[in-house]
Amino acid sequence: MAAEVYRHAVGTFQSHSYLNNVNNHQQKLRNNLVRFLVNKDSAIYSSRSNRSLIRSSASQTSVADPVSLSPSRSLTNDTNKKSNEAALILIRHGESLWNEKNLFTGCVDVPLSKKGIDEAIEAGKRISSIPVDVIFTSALIRAQMTAMLAMTQHRRKKVPIIIHNESEQARQWSQVFSEDTKKQSIPVIASWQLNERMYGELQGLNKQETADRYGQEQVHEWRRSYDTPPPNGESLEMCAERAVAYFRDQIEPQLLSGKNVMIAAHGNSLRSIIMYLDKLTSQEVISLELSTGIPMLYIFKEGRFIRRGSPIGPKEAGVYAYTKRLALYRQKLDEMF
Ligand SMILES: O=C(O)[C@H](O)COP(=O)(O)O
């Protein structure tokens, strides 16, 4: 079903070269991602040819990692009882060079501005004591820069490594042959489905000048309505069809297996995911605005997403009062680093 939703989203834009490229790669990407991320036993770092050699499962990692909170290490009295709680961090990328110039960006691949770099580092400080086991980013550099810069601040000091599955050669050439090194790494999965909404013929236009030309109301409808696409672009609804399908197919299984996930993405791909997590209506999502570089924390527990707002700082007690698991993780970091 997700594939049908996905085809619908892509098929709508057959005339656009960007999405045609996407269409060409979609099956390959989906196959690769399914192969690597299906469940807690996914061999995230492995290739098909040497899976047995470098297999890394959630449970194996947790046994060797003294700071890890594995699903089997429940903080309840019943130590055998499995907890399926996991943290989910969402970050909209820091300010980009086109945000700075007030230009519609969409799927144009623009890097962070100096302010955006600072925002990403600040975001990293805010989440520096929250566990991160796997990172998902869009295919765009501003989201990837944000994830990487944020992780430079993380107290656990694991190394985020971009997973290259785009070809068999890429898989072969990026293999890691040390179990210890893998345990000190965080896989980073980059996917076009988390990209910013495709802004069509508004990409590269100045937002204020566009409002002056077409009127504030029309531009607000293009930018914030649920189902009105900008000229030859994606509406939020269309963006949601691919971003939420990806979240459900690829990210939820990670959370279900107890992995703590960070997603670095974009204003509108994240709005659509938050709409799904918070069960917002198409009316309610109109007023949902996300600032650049502000991390938002959810706890996934018993199949539900519990919104915890934005952590305000690594030392802020409230951040760690969210769950016993997060408090214990921070305590272990305090003891070890
Ligand atoms: O693509 C863009 O221009 C921005 O990242 C998001 O723009 P918006 O706030 O107009 O949706």
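Values in this document were obtained by computation on a predicted structure and should not be read as measured data.

## Some thoughts on the confidence of the model for the protein chain
Looking at the protein chain as a whole, its pLDDT mean stands at 80, while 72% of the residues score no less than 70. Considering only residues more than four positions removed or in separate chains, one finds that residues 1–66, a stretch of pLDDT under 50, has 124 contacts. The low-confidence segment residues 69–81, where pLDDT is below 50, has 23 contacts with residues more than four positions distant or belonging to other chains. Of the two predicted TM-score estimates for the complex, the pTM is 0.79 and the ipTM is 0.97.

## A short note on the site of the ligand
Around the ligand, a shell composed of R92, N99, L103, F104, T105, G106, E196, Y199, K207, R223, R224 and N268 is seen. The side chain of E196 places a nitrogen or oxygen atom 3.1 Å from an oxygen atom of the ligand. Taking K207, its side chain carries an N or O atom lying 3.1 Å from an oxygen atom of the ligand. Contact with the protein chains removes 97% of the 310 Å² of surface that the ligand exposes when unbound.

## Regarding the pattern of salt bridges
Applying the stated criterion across every chain yields a total of 9 salt bridges. Salt-bridge contacts for E85 lead to K301; the nearest nitrogen and oxygen are separated by 3.8 Å. In this pair, E85 sits in the loop between α4 (58–64) and β1 (86–92) while K301 sits in strand β6 (residues 295–301), placing the two residues 216 residues apart along the sequence. What makes K301 partly exposed here is its relative accessible area of 33%. Here R155 and D334 are joined by a salt bridge, their closest N and O atoms 2.7 Å apart.

## A look at unusual backbone geometry
A positive phi angle is found at K157, which is not glycine, with a value near 60°. Along the chain, K157 falls in the loop between α7 (141–151) and β3 (159–162). K157 gets classed as exposed once you look at its relative accessible area, which sits at 53%. Positive phi outside glycine occurs at K279, with the angle close to 55°. Mapped onto the fold, K279 is located in the loop between α13 (267–277) and β6. Classification of K279 by relative accessible area gives exposed; the value is 70%.

## A closer look at a negative patch on the surface
Among the surface-exposed residues, E217, E221, D227 and E237 lie close enough to one another that they form a single negatively charged patch. Locating E221 in the fold gives a position in helix α11 (residues 216–224). In this structure E221 comes out as partly exposed when scored by relative accessible area, which is 35%.

## Here's the deal with the packing of helix α10 (residues 207–214) against α11
In the contact formed by α10 and α11, the axes pass within 6 Å of each other and the chain directions differ by 125°. The angle between the axes of α10 and α11 places the two elements in the oblique class. The residues of α11 that touch α10, namely those facing K207, Q208, T210, A211 and Y214, are Q216, Q218, V219, W222 and R223.

## A look at the environment of A120
Take A120: it is sitting in helix α6 (residues 114–126). Once the C-alpha coordinates of A120 and A143 are considered, the two residues, 23 residues apart in sequence, prove to be 9.6 Å apart.

## As for the nonpolar core
One finds L88, L90, F136, F247, L255 and I263 to be the most contacted residues of the largest nonpolar core, which totals 30 residues. Elements supplying a minimum of two residues to this core: β1, β2 (134–137), α12 (236–256), β5 (261–265), α13 and β6. In terms of residue count, the dominant contributor to this core is α12 (6 residues). Ranked by size, the runner-up nonpolar core spans 18 residues in total, among them I89, V132, I186 and M262.

## A few points about the packing of α12 against α13
It is the contact of α12 with α13, at a shortest axis distance of 8 Å, that shows an interaxial angle of 65°. Here α12 lies roughly perpendicular to α13, going by the angle between them. The element α12 and its partner α13 pack so that their crossing is right-handed. Along its contact with α12, which presents L236, C239, A240, A243, V244, F247, R248 and E252, the element α13 presents N268, S269, R271, S272, I273, Y276 and L277. In terms of residue class, the contact of α12 with α13 is built from 9 nonpolar, 3 polar and 3 charged.

## Observations regarding α11
All of the buried residues along α11 are V219, W222 and R224. Considered in projection along α11, the buried side chains sweep an arc of 165° and stay on one side of the axis. Contact partners of the buried residues in α11: α10 and α13.

## Observations concerning the sheet that holds β6
Pairing in this open sheet of 7 strands is mixed, and the strands run β3-β4-β2-β5-β1-β6-β7 from one edge to the other. The two strands at the open ends of the sheet, each matched to only one other strand, are β3 and β7 (304–307). Between one strand axis and the next, the sheet turns through 25° on average, direction left out of account. When β3 meets strand β4 (residues 185–190), the two strands line up parallel, connected through 4 bridges. Residue pairing in the sheet places I162 in a bridge with V188 of β4.

Cut-offs and rules
- The numbering scheme is per chain: residues are counted from 1 as the chain's sequence reads.
- In keeping with the predicted nature of the model, local features appear solely for residues at pLDDT of at least 70, side-chain atom pairs appear and are counted solely at 80 or more, and the whole-chain, interface and lining totals rest on all residues.
- For side-chain calculations, the full set of non-hydrogen atoms in the structure is used, while hydrogens and water are omitted.
- The score called pLDDT rates the predictor's confidence residue by residue, from a low of 0 to a high of 100.
- By definition, residues are in contact when any of their heavy atoms lie within 4.5 Å.
- Nearness of a residue to a molecule or strand requires only that one of the residue's heavy atoms be within 4 Å of it.
- Here a polar contact means two N or O atoms within 3.5 Å. Within protein one must be a hydrogen donor candidate and the other an acceptor candidate, and residues neighboring in sequence count only if both atoms are side-chain atoms.
- A 1.4 Å probe and the Shrake-Rupley method give the accessible areas. Residues count as covered only by the protein chains that appear here.
- A carboxyl oxygen of Asp or Glu within 4 Å of a side-chain nitrogen of Lys or Arg is what we treat as a salt bridge.
- What counts as a helix is a DSSP run of H or I of at least four residues, what counts as a strand is a run of E of at least two, and both are numbered from the N terminus.
- For each residue, the accessible area found with a 1.4 Å probe, counting protein chains only, is set against the maximum for its type, and the residue is called buried under 20%, exposed over 50%, and partly exposed in between.
- Residues enter patches when their relative accessible area tops 30% and they take part in no salt bridge; the joining distance is 9 Å for like charges and 5 Å for the nonpolar side chains Val, Leu, Ile, Met, Phe, Trp and Tyr.
- His is not counted here, nor are the chain ends, while Lys and Arg score as positive and Asp and Glu score as negative.
- Throughout, a charge is located at the NZ atom of Lys, the CZ atom of Arg, the CG atom of Asp or the CD atom of Glu.
- Working convention: axes come from line fits to C-alpha atoms, limited for helices to the stretch in contact. Angles between N-to-C directions cover 0 to 180 degrees.
- In these notes the angle categories are as follows: under 35 degrees is roughly parallel, over 145 is roughly antiparallel, 65 to 115 is roughly perpendicular, and the rest is oblique.
- What we call a nonpolar core is a set of buried Ala, Val, Leu, Ile, Met, Phe, Trp, Tyr and Cys residues that are connected through their side-chain atoms within 4.5 Å.
- The handedness criterion is simple: a crossing whose near helix is rotated anticlockwise from the far helix by less than a right angle is left-handed, and one whose near helix is rotated clockwise is right-handed.
- We call Asp, Glu, Lys and Arg charged. Ala, Val, Leu, Ile, Met, Phe, Trp, Tyr, Cys and Pro are nonpolar, and the rest, Gly among them, are polar.
- Working note: the arc is built from the helix axis to C-beta atom directions.
- What makes two strands pair is DSSP finding at least two bridges between them.

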